[in-house]
Amino acid sequence: MRRAARLVAALVAVLLAASMLETLQVSPAFAAGTSACAAATAPASLASAFAAAPAQARAEAAAPFESAPVSAGTRAAAAMAQTSLAPALPAAPARTSLTSAFAAATARTPLASAPAAASATEPTDADRTWQDETIYFIMIDRFHNGDPSNDGPADPRNPRAWHGGDIQGIIDKLDYIQSLGFSAIWITPHVRNAGNDYHGYGAVDFFETDPHFGTNETVKRLVAEAHRRGMKVIFDIVVNHTGPANPLVTEHPDWFHPKRAITNWNDQTQVQEGWLFDLPDFDQSNPEVRQYILDYSRFWIETTDVDGFRLDTVKHVPHEFFTWYAAELQKIKPGFWLIGEDWENAPWRLAAYQDAGVTALLDFPTNAAARSAIAQGGSMRQLANQVKAVGATMPDPYEMGGFLDNHDMTRFVTEARDRPIERLKLGLTFLFTQRAIPILYYGTEIGMEGGNDPYNRNDFPWGEERDHEVVGFVQKLNEIRRSHPALRRGTVEELLATDAHYAYGRAAEDDTVVVVLSNATGPVTGLPVDVTPLGLADGTRLRDELTGREVQVSGGQVALDLDPLSGVILAPVPATPAGPRGIPGWAPAAALGGLAVLAGAVVLVRRARPGRTGS
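Let me begin by describing the structure that accompanies this report. (Residues numbered from 1 in each chain as written. Predicted model: local features only at pLDDT ≥ 70, side-chain atom pairs only at ≥ 80, totals over all residues. Heavy atoms only, no water.)

Remarks on the pattern of salt bridges
It is possible for side chains of opposite charge to pair when their charged atoms get near one another. Defined as follows: Salt bridge criterion: a side-chain nitrogen from Lys or Arg within 4 Å of a carboxyl oxygen from Asp or Glu. In this description a helix means any DSSP run of H or I spanning at least four residues, a strand means any run of E spanning at least two, and both kinds are numbered starting from the N terminus. Note on exposure labels: buried denotes an accessible area under 20% of the residue type's maximum, exposed denotes more than 50%, and partly exposed covers the range between, all computed with a 1.4 Å probe on protein chains only.
In the structure shown here, the tally under the stated rule is 30 salt bridges. A salt bridge links Glu 302 to Arg 298, with the nearest nitrogen and oxygen atoms 3.6 Å apart. Taken together, the residues span about one helical turn, with Glu 302 and Arg 298 both in helix α12 (residues 287-304) at a distance of four residues. Note on Glu 302: relative accessible area 55%, which makes it exposed. Under the relative-accessibility criterion, Arg 298 is labelled partly exposed at 31%. For Glu 550, the salt bridge identified is with Arg 541, shortest N-O distance 2.8 Å.

In structure tokens form, the structure reads like this:
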């Protein structure tokens, strides 16, 4: 009887301890350690009960772009740097040290079969905006062949011919895209084209899906399958021009501007009325043209329930058209999203289109600066200045689409001067922590190479994505961005800008993140970063979300040891909650756990005494 009484009393104490652990919100690591200690000293039945109770307590606590090569004039504009150099902040004495484990954190990670678990700070559907999305950009013909029956005369050996990718192929790979952490996809134009216009930018029928890609029903199913997974879809729409073989060109010649080339790219009239790459140019001042464009836009919205349009070549279309067009689309589907393409490095040129009603613009100014600084080894100060210029110029700088490369420029790793994968990871760290909405071009997650068009549009080499180190890195970055409102919606505060380093803070609600990027090709020791603008008090511990390593704020600064071509994403470590009268939250649980272990030891000793018999 005494043994039974002791066992019951011990079990009650264990359950009480478990309840206390839950109430005090003891960390899972501490609770697990207490369970292991108890299991080593208590009788078998008691040990199993003790181990199970904290696990249950923990579970309950956790419940609550364009069709042809870019013109020389456009490429020249894209290469121009639009920023001036700002003086570097004065260096300050090192306070504390963080040993970066950047390389270890980006080691190969097995490809997940589903997205990372949602953080408590992940947006709900009710308040989810485009700032909360990350977008995966797909060239349909080069991504995945899901239906060989529609290939036609495909020739994968010819870089300018059809290769066989289709809408069914995208449907088949939605789980892969979602496993990377992306919440939206953007696909190149899917409408019917002629000849070898695999890219989709030479439409001959704006209401019909190209047979190489499938049918209108296949497109409708793509959107439905994406929505079933909680993903959004963006169609690529052309409102500037059509393909030369489109019957509209002969049936309605008054719908088009007179044929003439663009010879002066500084003449806005030529830019808007000239035939880009000899493509018939719509005259949007004609009411019939405006209505036709709205009709096929309405058709795809109402037929598929698509979430947004990427607008091709907006610089060739008058601003007034977009003011009318955007307002009409909102009548069809309130909240419908538009993101425009204007390959300009001057933010003020982009701002005019946002003022006109285009919700967002692709961030070519920051892209040019990032490729110059990170891929080519230029000045990080130039990148910092461009970020400030965009923030000061755009009506809504958060409604921008950030990217490292796309179908109209060389791949990022091909642009890299050396150590391409390291530079790619550094570029990705910037992409997923900066203000704009991140857009990843298909294949960048495996470091695909490629020169100018068409070699930047090679087929995705399926199989290489398995265990690729950059795949795991992209998954981690998506998870980090999803977990921090500061990275999705937060303000941007420059903390440090030199030729080799760029540090900035992001802050929103009760969330603060510090990002430090090193473009140095050698290791850096004790890099001082002033974090006082973010209100981080001395003694605050910051954890690198990439590696788990910690650093402490001292004298208003952190000092960092960084690997070559690496970055850190620092977030405050949650403080341990205090117990009654200022007693640390872990103290009562530790005492309770110690008592439980001691009780178990006493039971074992008493059982081991010679001559004792149970009753």
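Brief notes about the sheet that holds strand β16 (residues 550-552)
Keep this limit in mind: Each pair of strands is called paired provided DSSP finds at least two bridges between the two strands. Axes here refer to lines fitted to C-alpha atoms; in helices the fit is confined to the stretch in contact. Angles between the N-to-C directions go from 0 to 180 degrees.
As summarised here, the arrangement of the six strands in space is β11-β12-β13-β18-β15-β16, forming an open sheet in which the pairing is antiparallel. Unpaired on one side and paired on the other, β11 (491-497) and β16 mark the two borders of the sheet. In this sheet, neighbouring strand axes are inclined to one another by 25 degrees on average, regardless of whether the strands run parallel or antiparallel. In terms of strand pairing, strand β15 (residues 541-544) meets β16 through three bridges, oriented antiparallel.

Let's talk about the nonpolar core
The tendency in soluble globular proteins is for nonpolar side chains to be buried side by side. Formally: To qualify as a nonpolar core, a set must consist of buried Ala, Val, Leu, Ile, Met, Phe, Trp, Tyr and Cys residues joined through side-chain atoms within 4.5 Å. A contact between two residues is defined here by any heavy atoms of the two lying within 4.5 Å.
The biggest cluster of nonpolar side chains holds 122 residues, and the ones touching the most others in it are Tyr 136, Ile 170, Ile 185, Phe 309, Tyr 325, Leu 383 and Leu 428. For this core, the element with the highest residue contribution is α12, accounting for seven residues. When neighbours within four sequence positions are excluded, Leu 428 is seen to be in contact with Leu 404, Leu 440, Val 470, Phe 473, Val 474 and Leu 477. Residues Leu 496, Leu 534, Val 558 and Leu 562 belong to the second largest nonpolar core, which totals 20 residues.

Considering the pairing of strand β14 (residues 524-530)
Most of β14 is tucked away, with five of its seven residues classed as buried. Sheet topology note: the β14/strand β17 (residues 557-562) ladder contains five bridges and is antiparallel. Paired with Val 529 across the strands is Val 558, a residue of β17.

Some points on the packing of helix α15 (residues 364-375) against helix α16 (residues 380-393)
The description of two packed helices rests on the angle between their axes and on the distance between the axes. Quick note on the threshold: Note that the term roughly parallel is reserved for angles under 35 degrees, roughly antiparallel for angles over 145, roughly perpendicular for angles of 65 to 115, and oblique for everything else. Classification convention: Asp, Glu, Lys, Arg as charged; Ala, Val, Leu, Ile, Met, Phe, Trp, Tyr, Cys, Pro as nonpolar; all other residues, Gly among them, as polar.
Interaxial distance between α15 and α16 falls to 8 Å at its minimum, and their mutual angle equals 170 degrees. Classified by the angle between their axes, α15 and α16 sit roughly antiparallel to one another. Across the interface between the two elements, Pro 365, Thr 366, Ala 369, Ala 370, Ser 372, Ala 373 and Ile 374 from α15 touch Met 380, Gln 382, Leu 383, Gln 386, Val 387 and Val 390 from α16. Split into classes, the residues belonging to the contact of α15 with α16 amount to nine nonpolar, four polar and no charged.

A few points about the sheet that holds strand β9 (residues 400-403)
One closed barrel holds the eight strands; their spatial order is β1-β2-β5-β6-β7-β8-β9-β10, and the pairing between them is parallel. Shown here is a sheet whose adjacent strand axes are inclined to one another by a mean of 25 degrees, direction ignored. Where β9 lies against strand β10 (residues 437-441), three bridges are found, and the strand directions are parallel. Bridged to Gly 402 within β10 is Pro 438. Running at roughly 145 degrees to strand β5 (residues 232-237), helix α9 (residues 216-228) makes contact with β2 (184-187) and β5 of the sheet.

A look at the pairing of strand β12 (residues 501-508)
Counting buried residues along β12, seven of its eight residues qualify, which places the element largely inside the surrounding structure. For β11 and β12, the ladder comprises six bridges, and the chain directions are antiparallel. Residue pairing for β12: Glu 494 is matched across the bridge by Tyr 504. Once β11 ends, the chain turns through three residues before running back antiparallel as β12. Inspection of the sheet shows β12 paired to strand β13 (residues 511-518) by eight bridges, in the antiparallel sense. Its bridge partner lying in β13, Tyr 504 is registered against Val 515. Count of turn residues in the β12/β13 antiparallel hairpin: two residues, of which Glu 509 carries a positive phi of about 55 degrees.

Details of the packing of helix α13 (residues 319-332) against helix α14 (residues 347-356)
Close contact between α13 and α14 brings their axes to 8 Å; oriented N to C, the two are set at 35 degrees. For the pair formed by α13 and α14, the contact residues are His 319, Phe 322 and Thr 323 on the first element and Ala 352, Tyr 353 and Ala 356 on the second. For the contact of α13 with α14, the per-class residue count stands at four nonpolar, two polar and no charged.

Quick look at the environment of Asp 132
With respect to the element layout, Asp 132 can be found in the loop between α5 (102-105) and β1 (135-138). For Asp 132, a relative accessible area of 10% gives the class buried. Separated by 349 residues in the primary sequence, Asp 132 and Arg 481 place their C-alpha atoms 8.5 Å from one another. Sequence-distant contacts of Asp 132, defined by excluding residues within four places in its chain, comprise Pro 123, Asp 127, Ser 183, Arg 488 and Arg 489.

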